[in-house]
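Each chain is listed here by its residues.
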Amino acid sequence: MEIFGISTALLGSQLLVGLINGSFYAILSLGLAIIFGLLNIINFCHGAQYMMGAFVAWIALTRFGINYWVALIAAPLIVGVVGVLIERLMLRRLYKLDHLYGLLLTFGLALIFEGIFRDQFGISGESYEVPELLSGGVNLGFMFLPIYRGWVIIASLTVCFGTWYMIERTKLGAYLRAGTENSAMVQALGINVPLLITFTYGYGVALAAFAGVLAAPIFQVNPLMGSNLIIVVFAVVVIGGMGSIMGSILTGLGLGLIEGLTRVFYPEASSVVVFVIMVIVLLLRPAGLFGKS
Amino acid sequence: MNAPVSFAESKLPLLLGVLFVIGLIAPFAVYPTFLMKILCYALFACAFNLLLGFAGLLSFGHAAFLGTAGYVCGMMVRDVGVTPEVGILAGTVAAGLLGWLFGSLAIKRTGIYFAMITLALAQMVFFLAIQIKETGGEDGLQGVPRGHLFGLLDLSDNIAMYYLVFAIFCFGFFIIYRTIHSPFGQILKAIRENEPRAISLGYDVAKFKLIAFIISAALAGMAGATKTLVFQLASLSDVHWHASGEVVLMTLLGGLGTILGPIVGAATIVALQTQLADSVGSWVTVIMGVIFVICVLSFRRGIVGELQALIKRSGVN
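Summary of the structure given here.

A word on the environment of Gly37 of chain A. Relative to the elements of secondary structure, Gly37 of chain A occurs in helix α1 (residues 8-39). Here Gly37 of chain A falls in the partly exposed class, since its relative accessible area comes to 33%.

This is the structure:
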């Protein structure tokens, strides 16, 4: 079967790749949005933290024999704790200053993390075996779906919507949203806002690390795996506007799909299509699709 | 009311004069290629500082202008066969046009968004530089001849090349100096300090920001084009976002919003990189990162800024 002269198998598999990339964009831009919401800081080391998640899982497996399922929980916790330390020791000292200093500090941290991992592991990249339970694939009739890829999409969407639910529908989320609106007022109500901020940063970082563990069996585990991805995510954030949690999830998924489609119809443009869309959105809606100007 | 002129401001012309003389005699004491590298990055950092230090706009994509101008200059000189000064001019104009394009898009947003947009746009240039055949992909443009200045003066001689680079640097620095010390520069500062107030005073803030962006981009391009001639190479690393980060670090380390800061910062970083490359290898990035973190956390005025504050505190006037 063919659509516009392109076989459905090819179209389907590229849409799948797009959806997987979109899941990563969604989960990373969601983490950025949460951190930005409460800390007003663009977490430039988000990509490095994603890379660290993948590496922690890889090290756990190859050095200690710890399997994928444990790593899926442990790696985000470990990297999240590193995030908590960063917030407590460094970011905390910048809140009263221009937001740009937060971006610059986290940029410096990204250089440090990437440099250390590059020194330790080189840039050739390491591979991570797909866990046994999720190996193999199913034939959907029009295309072949590797089970692990299906799992990535389900797992990241579950985490994304779980996060959305936590922020929009629970009491903790209500405090969080209130804290972003008026932290002094929330503090006066007896809520420990500094602790809330620390938790938020740790959670955002853990989301990035979680994405890293999910990515490990698909992409090469490489010290630079986050550094190019993060800039695409920045473009996603500009397009979405970072106005809402749901906005960042939907924008991430949508752009992943568009990128996948571009790879089918005009492969040369696939690495710049997100930036082209960013330009168009900026011309039409400078505040982004979901943003409030 | 006349604000008291600070020591640093009042002695600035004298200091610049001394630096100019040092610049003239330097190549006889220090390896010229090293000096040329410092001058190229110093011009790049000064151009960047015009934007961040005086207009308050953090562009995280200035590598795009450095790199694009480098490629344009390299292609013009190597493949079209123009003389070096035409190559540099072409690179500068190309970077200025790109700056006009990027600037008109990026100034629609402010603050962190501005930084992210410039970064994303610059990454687009990076991807194009990889994919377009003419830029040589991963290899970059190699074997760019230095040629003869005005078709007469042979630039393959390092001393001759040095004085050309020095003249270009002085020209670029003079433009930045004049821009800052003009009514236009005052308006930029007003926008930096309080944008809503500048708007309410009737200034077309968007226009001023855009002009500052274009000047900055063009001068960054001039630095990039010159650098291509010096090293006879336009490489992918010049358009990579690490180069954008490096220029932020140079400016921050030297002193944001000071005239001499970017020069000091560029010289420090280039010297550090040259020294460290042999001894610590891949730890260079880590050390750069550590300097970044230290600057942001406890050293925000930078080397020149701290010195100025020190002089002010000690009461010399």
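Once the structure has been displayed, the description carries forward.
Turning our eyes to something else, we now look at the state of the cysteines. Scanning all chains against the criterion turns up 0 disulfides over all chains. With no disulfide of its own, Cys170 of chain B has Cys46 of chain B as its nearest cysteine by sulfur position, at a separation of 11 Å.

To continue, consider the packing of aromatic side chains. Enumeration according to the criterion identifies 32 aromatic pairs over all chains in this entry. Ring geometry for Phe44 of chain A versus Phe107 of chain A: centroids 5.1 Å apart, planes at 75°, classification edge-to-face. A residue pair is termed long-range when its members are at least 10 positions apart, and Phe44 of chain A in the loop between α1 and α2 (46-64) and Phe107 of chain A in helix α4 (residues 99-121) qualify at 63 residues. When its relative accessible area of 1% is taken as the criterion, Phe107 of chain A is described as buried. What links up through ring pairs into an aromatic cluster is the set Phe44, Phe107 and Phe234 of chain A together with Phe60, Trp241 and Phe292 of chain B. Above the plane of the ring of Phe208 of chain B lies Lys207 of chain B, whose end atom (NZ or CZ) is 5.7 Å from the centre. A cation over an aromatic ring shows up here: Arg300 of chain B above the ring of Tyr101 of chain A, its NZ or CZ 5.8 Å from the ring centre.

This part covers the side chain of Thr226 of chain B. Within the element layout of this structure, Thr226 of chain B appears in helix α10 (residues 205-231). Owing to a relative accessible area of 2%, Thr226 of chain B belongs among the buried residues under this scheme.

For the structure on display, the rule yields 6 salt bridges over all chains. Of the charged contacts, one joins Glu87 of chain A and Arg92 of chain A as a salt bridge, the two residues approaching to 3.3 Å between their closest N and O atoms. Between Glu306 of chain B and Arg301 of chain B there is a salt bridge, with its nearest N and O atoms 3.6 Å apart. Owing to a relative accessible area of 45%, Arg301 of chain B belongs among the partly exposed residues under this scheme.

Tallying the contact residues gives 36 residues for chain B and 45 residues for chain A. In this assembly, chain B packs against chain A so that about 3,900 Å² is buried in total across both faces, 79% of it on carbon and sulfur atoms. Interface area lost by chain B to chain A is led by Ile112, Met116 and Trp241 of chain B, which between them contribute 16%. Counting every contact that joins chain B to chain A gives 0 salt bridges. At the junction of chain B with chain A, the criterion picks out 7 residue pairs in polar contact (both at pLDDT 80 or more). Mapped onto the side of chain B that touches chain A, the elements with two or more residues apiece are α6 (111-131), α11 (241-254) and α13 (283-298) of chain B. Among the elements that make up the side of chain B that touches chain A, the one with the highest residue count is α6 of chain B (12 residues). By residue class, the composition of the side of chain B that touches chain A is 24 nonpolar, 9 polar and 3 charged.

A few words on unusual backbone geometry. With a phi angle near 60°, Asn40 of chain A is a residue other than glycine that sits in the positive phi range. Here Asn40 of chain A is to be found in the loop between α1 and α2. One non-glycine residue, Gln232 of chain B, lies in positive phi territory at about 55°. Relative to the assigned elements, Gln232 of chain B resides in the loop between α10 and β4 (233-234).

Residues and elements named next belong to chain A. For α1, built from 32 residues, the straight-helix expectation of 46 Å at 1.5 Å per residue is met to within 8% by its first-to-last C-alpha distance of 45 Å. When you tally the buried positions in α1, you get 25 out of 32 residues, the bulk of the element. Asn40 sits one or two positions beyond α1 and adopts a positive phi of about 60°.

Rules behind the numbers
- Every residue gets a number counted from 1 within its own chain, in the order that chain's sequence is written.
- As they are written, the chains are lettered A onward and the ligands numbered 1 onward, keeping that order.
- Local features in this predicted model are restricted to residues of pLDDT 70 or higher, and side-chain atom pairs are both shown and tallied only at a pLDDT of 80 or more, whereas totals for entire chains, interfaces and linings draw on every residue.
- Neither water nor hydrogens contribute to the side-chain values; these are computed over all heavy atoms in the structure.
- Each helix is a run of DSSP H or I of at least 4 residues and each strand a run of E of at least 2, with the numbering of both proceeding from the N terminus.
- Residue burial is assigned from relative accessible area. The probe radius is 1.4 Å, only protein chains are included, and a residue is buried under 20% of its type maximum, exposed over 50%, and partly exposed in between.
- Count a disulfide wherever a pair of cysteine sulfur atoms falls within 2.5 Å.
- The rule is short: rings of Phe, Tyr and Trp, with Trp giving its six-membered ring, pair when the centres are within 6.5 Å, and they are stacked under 30 degrees, edge-to-face over 60, tilted in between.
- Placement of a positive charge over a ring is assigned whenever Lys NZ or Arg CZ falls within 6 Å of the ring centre and within 35 degrees of the normal to the ring plane.
- Each reported salt bridge corresponds to a side-chain nitrogen of Lys or Arg within 4 Å of a carboxyl oxygen of Asp or Glu.
- Note on definitions: a residue-residue contact is assigned when non-hydrogen atoms from the two residues lie within 4.5 Å.
- Put simply, buried area is how much 1.4 Å-probe accessible surface two parts lose in total, over both of them, once they are put together.
- Any pair of nitrogen or oxygen atoms within 3.5 Å is treated as a polar contact; in protein, a donor-acceptor pairing is required on top of that, and neighbouring residues in sequence qualify only through side-chain atoms on both sides.
- Throughout, the ten residues Ala, Val, Leu, Ile, Met, Phe, Trp, Tyr, Cys and Pro are labelled nonpolar, Asp, Glu, Lys and Arg are labelled charged, and all others, Gly among them, are labelled polar.
- Expected helix span is taken as 1.5 Å per residue step, with the number of steps being one fewer than the number of residues.

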